[in-house]
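# Tertiary structure, described
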Amino acid sequence: MTQSLSQRVVQGAIGLVVGLKSTLRTMFEPKITVIYPIQKLNISNRWHGLLALPIDPETDNDKCIICFQCERVCPDRCIHIEATGKGKERLLTRFDIEMDKCCYCGLCVEVCPTEAIVFVPHYEASTFNRANLLYDLDDLHRGTPKEPIATGVVKVKRPAPKRQTAAPREGTVIP
Amino acid sequence: MALRTEELILNMGPQHPSTHGVLRLIVTLDGENIVDVQPDIGYLHSSVEKMMEARTYLQNIALVDRGMDYLSAMANEEVWVLATERLAKIEVPERARYIRTIMLELQRISSHLIWVGTFGIDLGAFTAFLWAMRERERIMDLFESSTGGRLHHVYFRIGGVNEDLPEGWTHRCLEFCDYFMDRLPEYDELLTGNPIFLARTQGVGVLAKERAIAMGASGPVARASGLDYDVRKAHPYEVYDRMEFGVPVRSEGDCFARYLVRMEEMRQSIRIIRQCIEQLPAGEIRSKVQVALKVPKGEVYARTESPRGDLGIYLVADGSDKPYRVKIRAPAFSNLYALTEMMRGWKVADVIAILGSIDIVLSDVDR
Amino acid sequence: MSWELAEKVRARFPDVELFPRPGQDEPHEASPAPVPSASAAPSPGAPPGEAPKPPPRRPAHEAPPAFLTPGVFVPGELLLAICQVLAIDREFGLHYLSFVSAIDRPEANQFEVLYHLYTFDRKDELVLKARVPREAPAVASVASVWVGADWHERETFDLFGIVFEGHPNLRRIMMTDDWIGHPLRKDYVFQEPAWLVEAAKQRQKDIEGLGLGERA
Ligand code: SF4
Ligand code: SF4
């Protein structure tokens, strides 16, 4: 060792102070932390959230034409479709998505010819019961998580956000 | 009379906070000194290569995202679509190639940022981690608004990319570049000039150039040892041949050199992104490719420079819509092999520093 | 990538065999370069309709296999001798071993052991393939030539069951030591280990007792 112990101690202390200087500066910058279940960030409109079969207001039904394309392309094979009838009478009897298997890849949304299956900007699908992650036709029509745990557990009234916590991104704003 | 000593075998992991995943190290110690290290891997083995044989070429994009290196998902997608496009002779529109390059470089920055952060934690500098995450968050936002995913994007497609960049994206990306170049000097203050950091990294864990080549190391680990080799320069893919950028090479081969190489690579990535956005042409983003693409019989090796090194895929196609055999050449696997060489003779406290410096992702090692 | 290196190897060792090159006349680029004149520099703002159409593709089957990466077939018994020359001789300078792996070909009843070599001097690559029979597959280890082959050969042994003779430490690396079978073989059938089945059944019973696991 060429340096004495005291020299090294002094050097280490200087390094600490230099590091702390930047920390100090950051302390006085505006906080960017979001208090999660109470405040939420806006998410992009391309967000791969939960899947849904939204109801078309014109026909009062979903747009699915039962072509089985999404079932076929799904890499995790988590879409299960069954249908009865022929031609115009064709009826969707089962449309299940196992959300616990889904990897949110978006291939089903991409191949769907009628844009019947879409991503909705919801991500709080966590649940205490694994069986709750099987979304059937009703759940998919509704397009919301079955059990909004994160909002249910925290029993706090949402205060009106005082100021914008993050620059709003373009796209959907969740109410 | 000499004191009789015994070698001690220390078992680190597989559940250990600083092994960056489920890695088990069997360290043989003589007092404080490391005599030998045997990494024990395979805890995260999911046989991605086998799973890929059962999926179509399109579905595999979703699989390589999470089955391989999960910190740089788009780098994995890139090597997979590259191999497929070469074999199936599919053209990629110009705009898509630029978009891919931008994404790959953003991915490199975000991956290196995680590395800087975790390396800081390993050496006791927690602030670096929080800062790195703050910067990375901006990249994640950029990813989220263009690809829809933050970690697993499934954005690249055979013959292009999935969706065009949203409006104003390039502007925000340039903003990020300026912001990030402002922030980088802070890391220099915090780490590069920090005597504690220097004492823990300088001269520690040296890997000589010849050994690095013999052991198959690549990427920043090999470049820190003086090997001037970058796939982006040697075998340009996408639009790297039109970009001006430097490849940082150091000759020391120690942990600090690896740190410097990665810091410089982030600066070069910003340069590439700026050039790409400047030259970004309008036009198609995807050429027509069927969903169930049938790739003609043949074999090809495609290689890319992932944030961890030379990432390659040897693809064997048999004319059907599924690959016959896929061999993934994982950079972290070979880099981890060089660990034993780097660690021999160092103290037990340096295990963490040296392991952290090679930047392994266990799902890349084990696949 | 040029086939020059592969041809040089062929000239030096008459026993090796080049990969078949059916598409020799059609140029294959290192990168998927588009038609250069039409799309190299489309001015920003050009109408998207003018982008070049991809050329029509031939039917995928029936065409003979295309080897886009140059390489040679090497007789298994000569492998080590050839590798020693390739790694040391300045003419080849293949100092870098990217990976070792294998391809299972049950219809030909053989494995193809795959070596990917690289030279930094001329920035070129070469694939070596050694054919070994599917029963009792064995080939000489190249770990003495390239140290880095160590783990790659262990992985190939683990996942294909190919024995690398002369390897210093040929153990399973990915799977557990008591694993049965070699997963990447085409005829491998996955069987749940008995203890795992037992544990899963027990867990199922526990859950049932708690009343969880039913749909709410
Ligand atoms: S997002 Fe992907 S994994 Fe999920 S249902 Fe759709 S295709 Fe299947
Ligand atoms: S791809 Fe679309 S239309 Fe076809 S079955 Fe799926 S949801 Fe219905």
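Residues numbered from 1 in each chain as written. Chains lettered and ligands numbered in written order. Predicted model: local features only at pLDDT ≥ 70, side-chain atom pairs only at ≥ 80, totals over all residues. Heavy atoms only, no water.

## Describing the overall build of chain B
Each helix and strand in chain B was counted, giving 15 helices and 8 strands. Against the compact-globule benchmark of 21 Å for 367 residues, chain B has a radius of gyration of 21 Å, which places it among compact chains. Viewed in the frame of its principal axes, chain B has a C-alpha envelope of about 80 × 45 × 35 Å. Within chain B, the fraction of its 367 residues that count as buried is 69%. Roughly 11000 Å² of accessible area belongs to chain B as shown, and the carbon and sulfur atoms make up 53% of that amount. Here chain B contributes 44 positively and 52 negatively charged side chains, and the mean placements of these two sets differ by 4 Å. (Helix = DSSP H or I, 4+ residues; strand = E, 2+ residues; numbered from the N terminus. Rg over C-alpha atoms; globule rule 2.2 N^0.38 Å. Buried < 20%, exposed > 50% of the residue type's maximum accessible area, 1.4 Å probe, protein only. Areas by Shrake-Rupley, 256 points an atom, 1.4 Å probe, with all protein chains shown as cover. Lys, Arg positive; Asp, Glu negative; His and termini not counted. Charge placed at Lys NZ, Arg CZ, Asp CG, Glu CD.)

## Description of the state of the cysteines
Summed over all chains, the structure comprises 0 disulfides over all chains. The thiol of B:Cys276 is not disulfide-bonded; the next cysteine sulfur, from B:Cys173, is found 9.5 Å away. (Disulfide = S-S within 2.5 Å.)

## Observations regarding a nonpolar patch on the surface
Taken together, the side chains of A:Leu16, A:Leu20 and B:Ile196 define a hydrophobic patch exposed on the protein surface, amounting to about 280 Å² of accessible area. You can see A:Leu20 is positioned in helix 1 (residues 5-27). (Patch = residues over 30% accessible without salt bridge, like charges linked within 9 Å, V, L, I, M, F, W, Y side chains within 5 Å. Salt bridge = Lys/Arg side-chain N within 4 Å of Asp/Glu carboxyl O.)

## Observations regarding the pattern of salt bridges
Enumeration over the complete set of coordinates arrives at 53 salt bridges over all chains. With a shortest N-O distance of 3.2 Å, B:Arg66 and A:Asp76 are connected by a salt bridge. Here the residue B:Arg66 occupies a position in helix 2 (residues 57-67), and A:Asp76 occupies one in the loop between helix 2 (69-73) and strand 2 (79-84), the pair thus bridging two chains. On the basis of relative accessibility, which here comes to 29%, the residue B:Arg66 falls in the partly exposed class. When salt bridges that share partners are traced, they join B:Glu105, B:Arg108, B:Arg223, B:Asp230, B:Arg232, B:Glu265 and B:Glu305 into one network.

## Some thoughts on unusual backbone geometry
At A:Phe68, a residue that is not glycine, the phi angle is positive and equals roughly 65°. Position of A:Phe68 among the secondary structure elements: in the loop between strand 1 (50-52) and helix 2. Unusually for a residue other than glycine, C:Asn109 sits at a positive phi of about 55°. Relative to the helices and strands, C:Asn109 resides in the loop between strand 4 (96-105) and strand 5 (110-119).

## Some remarks on the site of ligand 1
Lining the immediate surroundings of ligand 1 are A:Leu51, A:Cys74, A:Pro75, A:Cys78, A:Ile79, A:Cys102, A:Cys103, A:Tyr104, A:Cys105, A:Gly106 and A:Cys108. Counted by class, the shell around ligand 1 contains 10 nonpolar, 1 polar and no charged residues. (Near = heavy atom within 4 Å. Nonpolar A, V, L, I, M, F, W, Y, C, P; charged D, E, K, R; others polar.)

## Remarks on the nonpolar core
With 186 residues, the main nonpolar core has B:Trp80, B:Leu106, B:Leu336, C:Tyr115 and C:Leu128 as its most contacted residues. Ranked by residue count, the leading element in this core is helix 4 (residues 94-122) of chain B, at 12 residues. Those residues in contact with B:Leu336, other than ones at most four positions away along the chain, are B:Leu23, B:Pro39, B:Ile41, B:Leu355, B:Ile358, B:Ile360, B:Val365 and C:Trp151. Listed in part, the 26 residues of the second largest apolar core include A:Cys70, A:Cys78, A:Ile117 and A:Phe119. (Core = buried A, V, L, I, M, F, W, Y, C linked by side-chain atoms within 4.5 Å. Contact = heavy atoms within 4.5 Å.)

## Describing the interface of chain B and chain C
Tallying the contact residues gives 65 residues for chain B and 69 residues for chain C. Taken as a group, B:Glu299, B:Tyr324 and B:Tyr337 account for 12% of the area that chain B buries against chain C, more than any other trio of residues on that side. Here chain B is connected to chain C by 22 residue pairs in polar contact (both at pLDDT 80 or more). Along the lines of polarity and charge, the residues of the side of chain B that touches chain C split into 31 nonpolar, 12 polar and 22 charged. Pairing analysis gives 2 bridges linking strand 6 (residues 298-306) of chain B to strand 2 (residues 66-67) of chain C, with the strands arranged parallel. Of the residues in strand 2 of chain C, the one forming a bridge with B:Glu299 is C:Phe67. (Buried area = accessible area lost by both parts, 1.4 Å probe. Polar contact = N/O pair within 3.5 Å; in protein donor to acceptor, adjacent residues only side chain to side chain. Pairing = 2+ DSSP bridges.)

## Some remarks on the packing of helix 4 of chain B against helix 6 (residues 169-192) of chain B
All names here are of chain B. Axis separation between helix 4 and helix 6 bottoms out at 13 Å; the angle between their running directions is 25°. In this view, helix 4 runs roughly parallel relative to helix 6, as classed from their interaxial angle. Between helix 4 and helix 6 the crossing geometry is left-handed. Contact residues: Ile102, Met103, Leu106, Ile109, Leu113 and Val116 in helix 4; Trp169, Cys173, Phe176, Phe180, Tyr187 and Leu191 in helix 6. For the contact of helix 4 with helix 6, the per-class residue count stands at 12 nonpolar, no polar and no charged. (Axes fitted to C-alpha atoms, helices over the stretch in contact; angles between N-to-C directions. Parallel < 35°, antiparallel > 145°, perpendicular 65-115°, else oblique. Left-handed = near helix turned anticlockwise from the far one by under 90°.)

## Focus on the packing of helix 5 (residues 126-147) of chain B against helix 6 of chain B
All names here are of chain B. Viewed as axis vectors pointing N to C, helix 5 and helix 6 meet at an angle of 170°, and their least axial separation amounts to 11 Å. Compared by their axis directions, helix 5 and helix 6 come out roughly antiparallel. Where helix 5 abuts helix 6, its residues Thr127, Ala128, Trp131, Ala132, Arg134, Glu135, Arg138, Ile139, Leu142, Ser145 and Ser146 lie against Trp169, Arg172, Cys173, Phe176, Tyr179, Phe180, Arg183, Glu186, Tyr187, Leu190 and Leu191. Tallied by class, the residues present in the contact of helix 5 with helix 6 amount to 13 nonpolar, 3 polar and 6 charged.

## Comments concerning the packing of aromatic side chains
Residue and element names in this part refer to chain B. Enumeration over the complete set of coordinates arrives at 25 aromatic pairs over all chains. Taking the centre distance of 5.0 Å and the plane angle of 70° together, the rings of phenylalanine 197 and tyrosine 259 count as edge-to-face. On the criterion of sequence distance, the pair formed by phenylalanine 197 in helix 7 (residues 195-201) and tyrosine 259 in helix 11 (residues 255-279) is long-range, its members being 62 residues apart. Residues tyrosine 237 and tyrosine 240 carry aromatic rings whose centres are separated by 5.1 Å and whose planes lie at 70° to one another, so their mutual orientation is edge-to-face. A relative accessible area of 1% places tyrosine 237 in the buried class. Pairwise contacts between aromatic rings join Trp115, Phe119, Phe197, Phe256 and Tyr259 into one cluster. (Phe/Tyr/Trp six-rings, centres within 6.5 Å; stacked < 30°, edge-to-face > 60°.)

## Digging into the sheet that holds strand 6 of chain B
The 4 strands are arranged 8(B)-7(B)-6(B)-2(C) in an open sheet whose pairing can be described as mixed. Of all strands in the sheet, those bounded by a partner on one side alone are strand 8 (323-329) of chain B together with strand 2 of chain C. Its contacts with the sheet place helix 3 (residues 73-88) of chain B against strand 6, strand 7 (309-317) and strand 8 of chain B together with strand 2 of chain C, and it is angled at close to 150° to strand 6 of chain B.

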